[in-house]
Amino acid sequence: MRQICWTLAALASHWRKHPANLATLILGLAIATALWSGVQALNTQARRSYDSAANAFTGGKAQNLVAAQGGLFAQDLFVALRRAGLKVSPILEGSARIGKKTAKLIGIEPLTLPRDVGLAPLAGNRSATGMLTGDGLSYAAPGTIRDLGVLAGERPLTDAGFKLPPLVALSEAPPGAIIVDIGVAQKALNRPGRLSRMIVAPDMRIDATTLTEATDRALRIVEPEEDSDLARLTDSFHLNLTAFGLLAFLVGFFIVHASFGLAFEQRLPVLRTLRALGVSARALVAAMVIELSAFTLLAGGAGVIGGYLIAAALLPDVSASLEGLYGAQISGALTLDARWIISALAMAGGGALFAGASGLLKTFNLPVLSVARPIAWREAHRRYLARQATFALLSLMVAVLAGYFADTLEGGFTVIAASLLGVALLLPLALEALLRIGEALSKTPLSRWFFADGRQEIAGLSLALMALLLALATNIGVGGMVEGFRHTFIGWLDQRLVAEIYYEAATPHDAREIEDWARKDKEIVAILPVWRSKTRIGDWPVEVMGMTPHTTYSEHFPLNAATPDVWRMLHEEDAALVSEQLARRLKLSPGDSFDLPTTGDSWRLRVAGIFPDYGNPKGQIRLDHTRLAQHFADASGIHYSLRVAGDATTRVMTRLQETFGARIARIVDQAEVKKISTEIFERTFTVTTALNTLTLVVSAIALFASLLTLSNLRLAHVAPVWAIGVTRDRLATLEMLRILVFAAGAALIAIPLGLFMTWALVDIVNVVAFGWRLPMHIFPQHWLTVFATAQVAALVAGLVPVRRLARAAPAELLKVFANER
Amino acid sequence: MCVRGLSKSYATPQGPLPVLRGVDLTLEAGETLAMMGESGSGKSTLLHLVGALDDADAGDILLDGVNIAGLPENGKATVRRETIGVVFQQFNLIASLTVGENLAFQSRLANRYDPDWMARLTQRLGLDNLTGRYPEQLSGGQQQRVAIGRALAARPRLLLADEPTGNLDEPTGDAALALTLELVAETGCGFLMVTHSVRLASRLQRQATLAAGTLIST
Amino acid sequence: MNARLFALLLTLSPVAVNAADYGWLGEAASGFATPKPGAPILFPQDHAAHPGFRTEWWYLTANLTGDDGKSYGAQWTLFRYSLEARDGSGWDNRTAWMGHAAVTSATEHVFAQTMARGGVNQAGVDNPPFRAFIDDWFFEARDAQFTAGRLHARGARFGYTLDLTRSGPFVLQGDKGYSRKAGEGQASHYYSQPFFSVDGAVTIDGQKIHVTGRGWMDREWSSQTMAPDQKGWDWFSLHLTSGDRLMLFRLRGAQDYRSGNWIAPDGGVTQLAGEDIVFEPLDHTSLEGRALPTRWRVKVKSRNLDIVTSALNPKSWMGTDFPYWEGPIAVSGSTRGEGYLEMTGY
Ligand SMILES: Nc1ncnc2c1ncn2[C@@H]1O[C@H](COP(=O)(O)OP(=O)(O)O)[C@@H](O)[C@H]1O
Ligand SMILES: [Mg+2]
């Protein structure tokens with residue numbers, strides 16, 4: 001023990017002398033951990049929110065009843081079911097604007113609310129007393145209360161002018177929701193006597209026949225599993241996040257590995273001396289492991305805090321895109337979770353151990369007597385390059401194999417990861433080649449030295465340069481994908497959203513009346529009912545939508561592939577338009593047939609065409625309007641699109657709202673839909689871009705750190721040249737130039753690698769993850785930006801070490817020659 | 001070369017540490033001088049000052065009538081390139097360059113590359129067959145010969161050596177010194193060598209000892 | 001007197017109380033009517049709800065014999081409780097309703113609970129003819145005179161439908177329907193109908209058994225029923241072989257408050273003084289960590305009554321939101337008979 005203590009003290013003294021090296025190490029580990037744990041925190045938060053949302057009404061096992069045709073239903077149905085002995089509890093959901101925020105308002109009935117759903121704390125008499133006496137009570141999760149900018153105990157005022165009961169924090173409340181009594185909700189949402197769903201007590205199961213008898217087809221059962229689609233649908237989104245987290249960790253890990261390697265080299269004499277003084281190899285390794293653990297705790301702890309900050313900063317965008325894409329409500333206030341803290345520390349520890357492993361191994365096998373032979377760097381360098389080449393080839397082989405055999409998301413990411421790693425490993429070889437060419441071409445001794453010495457520098461800088469390469473390639477790859485997506489998506493939206501107004505009636509009955517009214521309005525050119533139903537093909541939720549024969553569709557609706565007479569076929573035969581993701585899943589092409597499960601039956605349809613449906617996590621099928629109504633008895637009759645004349649959009653919308661008020665559940669115009677859609681996608685990619693940028697920053701830090709630690713070693717290489725008569729300024733310029741050349745090399749390789757990555761993302765990952773393939777776009781101006789970024793990163797990273805060289809006192813350079821060394 | 005009243009002190013945490021306190025020294029072209037003194041007496045310091053590698057606090061260093069003590073960085077570099085050759089005990093070869101490139105490096109840098117002289121020098125130093133190798137592939141004696149060759153390739157006016165044989169065994173060291181003296185005589189440059197060895201010092205024309213910050217001829 | 005009242009009051013309590021702590025019931029109930037001695041009880045009007053009072057219940061217990069020769073018991077209860085004196089229609093209604101139902105045999109005791117908000121017709125009481133309902137459970141009279149009626153309830157493991165035929169008058173408990181619960185004036189309005197004959201079917205775990213027997217209906221309404229020191233009570237309703245009926249209770253407090261009524265076969269009622277009644281627990285049954293006296297010795301000195309009651313099923317535990325013991329009992333000793341026992345606050 002004492003041996004270990006003193007050894008530790010001796011080892012630690014190294015860090016006192018090289019604080020920059022220590023800082024790099026800690027920083028690298030901390031950043032790697034931070035990026036990883038930040039992403040993990042986001043994922044955990046989201047998953048927890050899905051659970052709490054899904055459990056709120058199902059507890060994972062309770063059935064729900066909703067209006068068969070969508071929308072709201074009369075509360076009399078609730079009374080009827082109860083009086084028939086079915087244990088159901090009424091719910092009314094809606095959204096309420098409170099200041100600048102939108103909250104989901106959930107009305108519950110505490111006395112009938114089942115005791116084993118997520119909202120169980122609100123079930124029973126005591127809760128009823130609180131909610132129903134005096135001013136009553138509203139409940140919301142602490143995070144929601146914070147998000148709304150109100151305090152517990154306050155009475156939030158909705159924009160409609162309704163004063164909700166005083167708020168109480170309830171951690172079980174779903175994120176973004178305010179829970180009130182059903183009566184309060186009906187008033188606040190202006191939906192008297194109406195409900196949006198009923199929860200069935202989990203110990204009771206209702207079958208479709210009973211329900212049909214009791215309610216005459218007005219209601220439909222939602223099985224508990226259906227709600228948990230959310231977790232499945234969002235899986236790919238989270239896998240994406242995780243992949244980026246891992247990439248960022250990898251980049252951070254490169255830093256750690258580099259600094260450990262350097263520290264080991266620098267401490268080799270100390271280690272030898274310690275061994276010579278009688279410290280056992282075991283004790284030495286033990287001391288080093290203790291040292292490593294200390295770093296892990298320190299850096300891991302800092303990383304967890306950093307990760308928390310990153311997650312907190314990204315959470316608004318993540319939750320906005322999850323809500324927009326999947327309708328998933330994520331709590332806006334990050335909760336600390338022991339699980340991800342532990343996972344982050346484990347990741348830091350694992351990373352540190354892995355990064356330090358080679359050093360530990362070498363220490364264990366360190367010969368006590370050093371062979372006093374100058375380090376044959378050339379031989380070592382050759383071995384190093386050979387090793388790099390071997391691993392690079394192995395990685396590339398994995399990439400090729402994965403690309404060949406795997407058509408899963410994991411496979412896609414394997415292709416990307418393995419090719420990134422493979423090419424990154426090839427980077428030193430490529431730079432070596434580049435420098436050799438330079439050397440061969442150079443005329444002056446100094447330029448020869450410039451290139452020759454650069455080769456020697458590669459090994460020391462390679463890890464940092466590889467990190468830079470990865471970051472640059474990812475930047476190009478992901479940037480290309482995102483940019484390409486934006487192009488495609490906006491173009492597609494323009495085509496797809498042709499109708500000027502979209503609305504949803506409160507009930508099918510209201511819908512009929514609105515339809516009649518609209519027919520008489522002179523400014524309304526066409527009324528396009530878009531009735532919808534739901535089904536499942538396999539275990540995949542599929543939306544079924546109706547289309548009326550109209551030029552709005554035949555002239556504008558974007559199709560990827562179609563039979564020649566697609567529109568005639570759609571309306572006159574048993575045919576359907578199938579969304580790209582569904583077609584891919586079912587391996588359908590135009591002309592193929594498939595079976596569509598309808599209400600209690602199955603319907604054989606031919607594929608008339610395939611349409612892109614970007615961003616929809618579910619499958620979609622479009623059918624002729626009348627055929628849809630025939631086969632789907634429960635098709636909702638409440639969704640409509642309107643074509644209006646010229647600039648009448650606003651006028652028509654106002655007239656509709658004034659005439660029908662609450663009987664129109666929702667109404668938006670085209671511009672609004674486009675705005676919402678693009679916003680969702682922008683926010684989705686904000687996260688990606690942020691992680692991307694962070695990765696780039698990290699790689700610049702890696703470069704900086706490596707250059708800083710290298711600068712001591714560089715002095716020994718530079719001093720003889722200086723002694724012979726080259727000024728420090730000149731040498732510093734050359735050093736900087738060399739760094740820029742390296743970065744340029746990395747950037748040049750990053751461009752094709754990034755393009756490959758875009759291709760892999762667009763052609764493999766997106767297709768598997770989302771079910772649609774984007775046209776591949778190429779953005780050369782982006783490459784220039786990335787190249788410039790690389791140069792700037794290198795410049796910034798090199799500035800301090802190079803300035804240190806330029807300012808080095810002669811005495812410092814002379815130390816290299818000091819005989820006493 | 002003429003050194004007058006040269007002083008140098010180092011800044012240390014304990015305050016300034018005076019190392020040279022007014023050193024005077026003259027060395028004519030073709031003259032050889034061995035400098036001795038206890039370890040830490042300031043021999044290397046003096047050599048560095050004379051070699052335009054460091055800045056003096058006070059005093060003059062005249063090389064061919066030019067006072068290098070007052071030169072800016074650029075001028076000093078030129079002096080190092082063109083007028084001076086240095087040989088250190090170790091670490092003065094450029095590891096990334098071949099022996100041939102190392103030999104030619106300084107002279108090319110100084111734009112004084114003379115292929116005939118280079119060839120002769122290489123041959124005299126016995127390095128003919130080694131020019132394609134890299135420094136780490138040479139023995140200590142061979143490395144030191146490369147260093148000597150490189151220092152002399154540009155035909156400097158002054159050759160400086162700091163314990164050039166300190167890393168070599170006695171016969172090898174003796175041979176290296178003999179070779180150096182021959183070549184010095186051939187180029188006609190001045191030669192200032194720091195050494196611990198009285199035996200080696202005796203082979204030079206003059207000897208001096210550095211003590212208490214001043215140089216005393218012996 | 002009825003434990004379920006306490007249970008209800010407790011469940012609705014905004015104050016955190018534990019099941020054995022009935023203390024807050026001593027609070028005055030502001031805004032609600034107070035039972036008055038001498039206030040007339042009229043039929044059929046008083047079968048209906050009394051919204052001016054805070055709490056109220058309709059309940060029926062039945063001692064039954066099955067075609068299989070075994071003894072059974074059935075319980076049907078509907079509680080009404082005003083959450084606050086203010087009231088409104090629809091969801092603004094501030095009435096809570098709770099139904100309890102149970103079937104007991106020597107080996108089984110199965111029960112259910114259901115709840116409802118007033119104002120939306122999920123639960124309520126119509127009158128005349130009388131009909132109390134919650135969900136699909138109901139207790140109804142065939143006519144305004146309540147010559148006959150029907151009872152139905154159903155839980156996850158059981159159900160029953162029982163037809164009732166009345167063979168005697170409604171009986172006013174306490175002092176002409178004014179029933180004191182403590183020395184300091186806490187009281188309720190209380191009447192019973194102990195002359196029901198029962199014919200119907202009970203189902204336990206899918207097994208349907210035809211049953212016949214005797215029923216006892218209790219009606220009580222009040223706003224504040226307990227003295228602050230009272231912790232719970234024991235209540236007996238007995239059908240004796242003589243054709244007499246007997247209702248006895250004791251409230252356990254600093255000093256026990258005992259009371260009861262002797263009901264002659266023709267429905268003539270005599271109130272019994274507290275000193276006249278002796279309760280003596282004999283055997284205890286351990287249930288849910290509490291010891292409940294399931295065998296009693298009971299004396300009514302003025303009538304020379306000295307009996308022992310024993311539970312048909314000592315485990316007649318009503319594990320509802322606020323649990324209590326309620327089940328059929330057999331009477332032996334100076335006379336024989338059967339009845340129901342209810343115990344709260346243990
Ligand atoms: N860069 C420096 N900073 C501080 N002190 C120095 C430095 N270089 C040398 N010295 C000190 O100056 C003195 C002379 O050193 P040096 O000239 O190397 O001696 P010598 O070559 O005679 O052994 C020594 O005491 C040494 O410790
Ligand atoms: Mg020295």
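Relevant structure appears above.
Residues numbered from 1 in each chain as written. Chains lettered and ligands numbered in written order. Predicted model: local features only at pLDDT ≥ 70, side-chain atom pairs only at ≥ 80, totals over all residues. Heavy atoms only, no water.

Comments concerning the sheet that holds strand β5 (residues 66-67) of chain B
Residues and elements named next belong to chain B. As summarised here, the arrangement of the four strands in space is β2-β1-β4-β5, forming an open sheet in which the pairing is antiparallel. The open sheet is flanked by β2 (15-26) and β5, the only strands paired with a single partner. As paired elements, strand β1 (residues 2-12) and strand β4 (residues 58-63) share four bridges and run antiparallel to each other. The residue of β4 that forms the bridge with C2 is L62. The strands touched by helix α1 (residues 43-50) within the sheet are β1, β2 and β4, with β1 carrying the most contacts at an inclination of about 120 degrees. (Pairing = 2+ DSSP bridges. Helix = DSSP H or I, 4+ residues; strand = E, 2+ residues; numbered from the N terminus. Contact = heavy atoms within 4.5 Å. Axes fitted to C-alpha atoms, helices over the stretch in contact; angles between N-to-C directions.)

A word on the interface of chain A and chain B
Counting residues at the interface gives 29 residues for chain A and 30 residues for chain B. Taking both sides of the interface into account, the surface hidden between chain A and chain B amounts to around 2800 Å²; carbon and sulfur atoms contribute 58%. At the boundary of chain A with chain B, the tally comes to two salt bridges. The residue E73 of chain B makes a salt bridge to R728 of chain A at a minimum N-O spacing of 2.3 Å. Here chain A and chain B share seven residue pairs in polar contact (both at pLDDT 80 or more) between them. Contributing elements (two or more residues each) for the side of chain A that touches chain B: α12 (377-405), α14 (445-496), α21 (670-723) and α24 (810-814) of chain A. (Buried area = accessible area lost by both parts, 1.4 Å probe. Salt bridge = Lys/Arg side-chain N within 4 Å of Asp/Glu carboxyl O. Polar contact = N/O pair within 3.5 Å; in protein donor to acceptor, adjacent residues only side chain to side chain.)

Concerning helix α5 (residues 140-153) of chain B
Residue and element names in this part refer to chain B. A rise of 1.5 Å per residue sets the reference length of α5, with its 14 residues, at 20 Å; its end C-alpha atoms lie 20 Å apart and thus fit the reference within 8%. All of the buried residues along α5 are G141, Q144, V146, A147, I148, G149, R150, A151, L152 and A153. Just beyond α5, the residue with positive phi is R155, at close to 50 degrees. (Expected span 1.5 Å × (residues − 1). Buried < 20%, exposed > 50% of the residue type's maximum accessible area, 1.4 Å probe, protein only.)

As for the site of ligand 1
For ligand 1, the set of nearby residues contains 13 residues, the closest of which are G40, G42, K43, S44 and T45 of chain B. The local environment of ligand 1 is shared, drawing residues from chains A and B. G40 of chain B is positioned such that a nitrogen or oxygen atom in its backbone is 2.6 Å from an oxygen atom of ligand 1. One nitrogen or oxygen atom from the main chain of S41 of chain B is found 3.2 Å from an oxygen atom belonging to ligand 1. (Near = heavy atom within 4 Å.)

Remarks on the environment of H189 of chain C
Residues and elements named next belong to chain C. Tracing the backbone shows H189 in strand β12 (residues 187-204). In this structure H189 comes out as buried when scored by relative accessible area, which is 5%. In this structure, the C-alpha to C-alpha distance between H189 and K36, residues 153 residues apart in sequence, is 8.2 Å. Contacts of H189, omitting those with residues within four sequence positions, involve P35, K36, A39, I41, F53, G177, Y178, R219, E220 and W221.

Some points on α14 of chain A
All names here are of chain A. For α14, spanning 52 residues, the distance from its first C-alpha to its last is only 66 Å, which falls clearly below the expected 76 Å at 1.5 Å a residue. Largest kink in α14: about 65 degrees, centred on L461. In terms of burial, α14 is a largely internal element, 41 of the 52 residues being buried. (Bend = angle between axes of the 7 residues up to and from the residue.)

So, the interface of chain A and chain C
Residue-level contacts link 25 residues of chain A with 30 residues of chain C. Each partner contributes to the roughly 2300 Å² buried at the junction of chain A and chain C, and carbon and sulfur atoms together form 49% of this total. The largest contributions to the chain A side of the interface with chain C come from R83, N125 and R126 of chain A, which together make up 28% of the buried area. Linking chain A to chain C there are six salt bridges. In this structure, R117 of chain C engages D181 of chain A in a salt bridge whose closest nitrogen and oxygen atoms are separated by 2.7 Å. Linking chain A to chain C there are 15 residue pairs in polar contact (both at pLDDT 80 or more). Every element with two or more residues in the side of chain A that touches chain C is listed here: α3 (76-83), α4 (125-132) and α6 (182-188) of chain A. Here the residues of the side of chain A that touches chain C are counted per class, giving eight nonpolar, nine polar and eight charged. (Nonpolar A, V, L, I, M, F, W, Y, C, P; charged D, E, K, R; others polar.)

Concerning the packing of helix α3 (residues 99-109) of chain B against α5 of chain B
All names here are of chain B. The contact between α3 and α5 brings their axes to 6 Å, and the two run at 30 degrees. With respect to α5, the element α3 is oriented roughly parallel. Here α3 and α5 pass one another in a crossing that is right-handed. Between α3 and α5, the residues in contact are V99, N102, L103, Q106 and S107 and V146, G149, R150, A151 and A153, respectively. Partitioning the contact of α3 with α5 into residue classes produces five nonpolar, four polar and one charged. (Parallel < 35°, antiparallel > 145°, perpendicular 65-115°, else oblique. Left-handed = near helix turned anticlockwise from the far one by under 90°.)

A few points about the pairing of strand β12 (residues 524-529) of chain A
Residue and element names in this part refer to chain A. Most of β12 is tucked away, with five of its six residues classed as buried. For β12 and strand β20 (residues 639-644), the ladder comprises five bridges, and the chain directions are antiparallel. Counted as the bridge partner of A526 is R643 from β20.

A look at the packing of aromatic side chains
Here the structure, examined in full by the defined rule, presents 25 aromatic pairs over all chains. Taken together, a centroid distance of 6.3 Å and an interplanar angle of 75 degrees make the contact between Y553 of chain A and F557 of chain A edge-to-face. The two residues Y553 of chain A and F557 of chain A agree in class, both being buried. Ring centres 5.7 Å apart and planes at 35 degrees place the aromatic pair F756 of chain A and W759 of chain A in the tilted group. Taken as a pair, F756 of chain A and W759 of chain A lie in helix α22 (residues 728-770) at a separation of three residues, close to a single helical turn. Given a relative accessible area of 32%, F756 of chain A falls into the partly exposed group. Taking the relative accessible area as the measure of exposure, W759 of chain A reaches 37% and is therefore partly exposed. Each member of the aromatic cluster is reached from another via a ring pair, and the members are F43, W76, F130, F139, F146, F170, Y191, F196 and W221 of chain C. Sitting over the ring of W722 of chain A, R80 of chain B keeps its end group 4.5 Å from the ring centre. In this structure, R252 of chain C packs its charged tip against the face of Y346 of chain C, placed 3.9 Å from the ring centre. (Phe/Tyr/Trp six-rings, centres within 6.5 Å; stacked < 30°, edge-to-face > 60°. Lys NZ or Arg CZ within 6 Å of the ring centre and 35° of its normal.)

Comments concerning a nonpolar patch on the surface
All names here are of chain A. Side chains of V792, L795, V796, L799 and V800 sit close together on the surface and give an oily, nonpolar patch of about 420 Å² of accessible area. Relative to the helices and strands, V796 resides in helix α23 (residues 780-806). A relative accessible area of 54% means that V796 is categorised as exposed. (Patch = residues over 30% accessible without salt bridge, like charges linked within 9 Å, V, L, I, M, F, W, Y side chains within 5 Å. Areas by Shrake-Rupley, 256 points an atom, 1.4 Å probe, with all protein chains shown as cover.)

Here's the deal with unusual backbone geometry
Residue and element names in this part refer to chain C. Put simply, F43 and P44 share a cis peptide bond, and its omega is 5 degrees. With respect to the element layout, P44 can be found in the loop between α1 (3-11) and β1 (55-66). Note the cis peptide between P128 and P129, where omega equals -10 degrees. Along the polypeptide, P129 turns up in the loop between β5 (123-126) and β6 (131-134).

Description of the packing of helix α13 (residues 409-441) of chain A against α14 of chain A
The geometry of a pair of packed helices is captured by two quantities: the angle between their axes and the separation between those axes. Residues and elements named next belong to chain A. Where α13 contacts α14, the axes come no closer than 8 Å and their chain directions differ by 155 degrees. In terms of axis orientation, α13 runs roughly antiparallel to α14. Of the two elements, α13 crosses α14, and the hand of that crossing is right-handed. A class-by-class count of the residues in the contact of α13 with α14 yields 16 nonpolar, four polar and five charged.

A closer look at the sheet that holds β12 of chain A
Residue and element names in this part refer to chain A. Strand order across the open sheet formed by four strands is β12-β20-β11-β21, with antiparallel pairing between neighbours. The open sheet terminates on both sides in strands that have one partner only, identified here as β12 and β21 (664-669). Strand after strand, the sheet turns through a mean of 20 degrees between neighbouring axes, direction not considered. When strand β11 (residues 501-505) meets β20, the two strands line up antiparallel, connected through four bridges. Each bridged residue has a counterpart across the sheet, and for E504 the counterpart in β20 is H639. This element, helix α15 (residues 508-520), spans β11, β12, β20 and β21 of the sheet and lies at about 155 degrees to β12. Along the sheet face, helix α20 (residues 649-660) touches β11, β12, β20 and β21 and points at about 170 degrees away from the line of β21.

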